[in-house]
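Residue-level structure breakdown
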Amino acid sequence: MTVQEAELKDLMMAGLRGDSAAHRILLVRLSRHLRAYYKGKLGWRATEAEDLVQEALMAIHTQRHTYDPSELLTPWVHAIARYKLIDHLRRNRASLANVPLDDAGELAAQDDHIGAESSYDIKKLLNRLPYKMRRVIQCVKLDGLSVAQAAIRCGMSEAAVKVNVHRGIKALAASIAREKET
């Protein structure tokens, strides 16, 4: 666990115990990271990035009770940030032409779930997948490794990592859609 992760997690835990000052500090620190993340993804569209920062911070604030203290905080925050970005891009289909190829599979998946970041436990969802898919999604999407790094860690080719991530996300989306129908 990095120093930054430990500090953020300590702030989150203090906030969950009712320390409003710690919660405020957490949101300020996360806003810096989120701003950089969204500006990196959206480029020159700074206004859209700022709107997404606010949406993500609201989701983090309102869904903080869903955070599992036994897990790292930053993957939980990153998942919320990514879902907010994907939802934003879906709402603004004109922006889809500029989506990086690695994100295209997630956008194309027909998972019309709203707020999945708060409704589903990521670990429970991942456990539905075969081991190889689960492992590469964990490495690339949650741990933030590059495809090349994940390939080395998982003993696969880069192409196999990309295919397993794409198929795994698609399978998760289908699983969520089936649940919503029942």
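Residues numbered from 1 in each chain as written. Predicted model: local features only at pLDDT ≥ 70, side-chain atom pairs only at ≥ 80, totals over all residues. Heavy atoms only, no water.

Some points on the pattern of salt bridges
Operational definition: For this analysis, a salt bridge means a side-chain nitrogen from Lys or Arg found within 4 Å of a carboxyl oxygen belonging to Asp or Glu. In this text, helices come from DSSP runs of H or I with a minimum length of four residues, and strands from runs of E with a minimum of two, each type numbered from the N-terminal end. For every residue, the accessible area (1.4 Å probe, protein chains only) is compared with the maximum for its type, and the residue is labelled buried under 20%, exposed over 50%, or partly exposed between those bounds.
Throughout the structure, instances matching the rule amount to 2 salt bridges. With a shortest N-O distance of 3.1 Å, E7 and R29 are connected by a salt bridge. Here E7, found in helix α1 (residues 3-16), pairs with R29, found in helix α2 (residues 20-42); they are 22 residues apart in sequence, far enough to count as distant. The partly exposed category is assigned to E7, whose relative accessible area is 36%.

Remarks on the packing of α1 against α2
Stated precisely, the cut-off is as follows: Working convention: axes come from line fits to C-alpha atoms, limited for helices to the stretch in contact. Angles between N-to-C directions cover 0 to 180 degrees. Oblique is the label for any angle not covered by the other classes, which are roughly parallel (under 35 degrees), roughly antiparallel (over 145) and roughly perpendicular (65 to 115). When the near helix sits turned anticlockwise from the far one by under a right angle, the crossing is termed left-handed; a clockwise turn instead gives a right-handed crossing. What makes two residues a contact is simply this: any of their non-hydrogen atoms within 4.5 Å.
Put simply, α1 and α2 touch, their axes get as near as 8 Å, and they point 140 degrees apart. It follows that α1 is oblique to α2 by the angle criterion. Here α1 and α2 pass one another in a crossing that is left-handed. Every residue of α2 that contacts α1 at Q4, E7, L8, L11, M12, A14 and G15 is listed here: A22, H23, I25, L26, R29, L30 and H33.

A few points about α2
Convention followed: What a helix should span is 1.5 Å times the count of its residues minus one. Any pair of nitrogen or oxygen atoms within 3.5 Å is treated as a polar contact; in protein, a donor-acceptor pairing is required on top of that, and neighbouring residues in sequence qualify only through side-chain atoms on both sides.
In this model, α2 (23 residues) spans 31 Å end to end at C-alpha, consistent with the 33 Å of a helix rising 1.5 Å per residue. For α2, the full list of buried residues reads A22, H23, L26, L27, L30, S31, L34, Y37, Y38 and L42. Where α2 starts, the residue carrying a side-chain oxygen 3.1 Å from the main-chain nitrogen of A21 turns out to be D19. Two residues or fewer after α2 comes G43, characterised by a positive phi angle close to 65 degrees.

As for the packing of helix α8 (residues 131-142) against helix α9 (residues 147-154)
As a reminder, the rule being used: Just so you know the grouping, Ala, Val, Leu, Ile, Met, Phe, Trp, Tyr, Cys and Pro go in nonpolar, Asp, Glu, Lys and Arg go in charged, and all remaining residues, Gly too, go in polar.
The contact between α8 and α9 brings their axes to 9 Å, and the two run at 140 degrees. Between α8 and α9, the interaxial angle falls into the category oblique. Crossing handedness for the pair α8 and α9: right-handed. The segment α8 lies against α9, with R135, V136, C139 and V140 engaging A150, R153 and C154. The residue inventory of the contact of α8 with α9, partitioned by class, reads 5 nonpolar, no polar and 2 charged.

Considerations on the nonpolar core
Spelled out, the test is: We define the nonpolar core as a collection of buried residues of types Ala, Val, Leu, Ile, Met, Phe, Trp, Tyr and Cys that are connected through side-chain atoms lying within 4.5 Å of one another.
By size, the foremost hydrophobic cluster in this structure holds 27 residues, and its most contacted members are L34, Y38, I60, L73 and W76. Among the elements of the structure, α1, α2, α3 (46-62) and α4 (73-91) are those that each provide at least two residues to this core. Ranked by size, the runner-up nonpolar core spans 20 residues in total, among them L129, V140, V161 and V165.

What to know about the side chain of H88
As for its placement among the helices and strands, H88 is situated in helix α4. Within the structure, H88 has its side chain in polar contact with the side chain of E48 (distance 2.7 Å). If we ignore the near neighbours within four places in the chain, the residues touching H88 are E48 and L52.

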